[in-house]
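# Structure at a glance
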Amino acid sequence: MPKKENNWDKVPVIFDIAYAATLLGISLDTMHKLCQKGKFPAFKVGKLWRVNKDDLMTYIDQRKVS
């Protein structure tokens, strides 16, 4: 499992869903299911899922409880 980054500035611009799952604190299996169902903003490069850093931040912001 990828190392969880403590500094948002060091998070790559594009990364795999394993890294995204680590950042969110969920399992890779759960992340994969979210991507397949279109409930998480990921995209495919060939057969591999990738995540854009800005899309992840938007995803997080949209789920904040006020």
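What comes next is a walk through the structure.

Cut-off values and rules
- Residues numbered from 1 in each chain as written.
- Predicted model: local features only at pLDDT ≥ 70, side-chain atom pairs only at ≥ 80, totals over all residues.
- Heavy atoms only, no water.
- Pairing = 2+ DSSP bridges.
- Helix = DSSP H or I, 4+ residues; strand = E, 2+ residues; numbered from the N terminus.
- Axes fitted to C-alpha atoms, helices over the stretch in contact; angles between N-to-C directions.
- Contact = heavy atoms within 4.5 Å.
- Phe/Tyr/Trp six-rings, centres within 6.5 Å; stacked < 30°, edge-to-face > 60°.
- Buried < 20%, exposed > 50% of the residue type's maximum accessible area, 1.4 Å probe, protein only.

This brings us to the sheet that holds strand 2 (residues 42–45). Sheet architecture is open: three strands sit in the order 1-3-2, paired in antiparallel fashion. Strand pairing shows two members of the sheet lacking a second neighbour, strand 1 (14–16) and strand 2, which therefore form its edges. Going across the sheet, the axis of each strand differs from the next one's by a mean of 45°, ignoring polarity. In this fold helix 1 (residues 17–24) packs onto strand 1, strand 2 and strand 3 (48–52), with an angle of close to 90° to the strand it touches most, strand 1. Of the strands in this sheet, strand 1 and strand 3 are in contact with helix 3 (residues 53–62), which crosses strand 3 at around 70°.

A few words on the packing of aromatic side chains. Using the criterion set out here, one finds two aromatic pairs in the structure. Ring geometry for Phe40 versus Tyr59: centroids 4.7 Å apart, planes at 70°, classification edge-to-face. Taken together, the residues span a long stretch of sequence, with Phe40 in the loop between helix 2 (28–36) and strand 2 and Tyr59 in helix 3 at a distance of 19 residues. Given a relative accessible area of 3%, Phe40 falls into the buried group.

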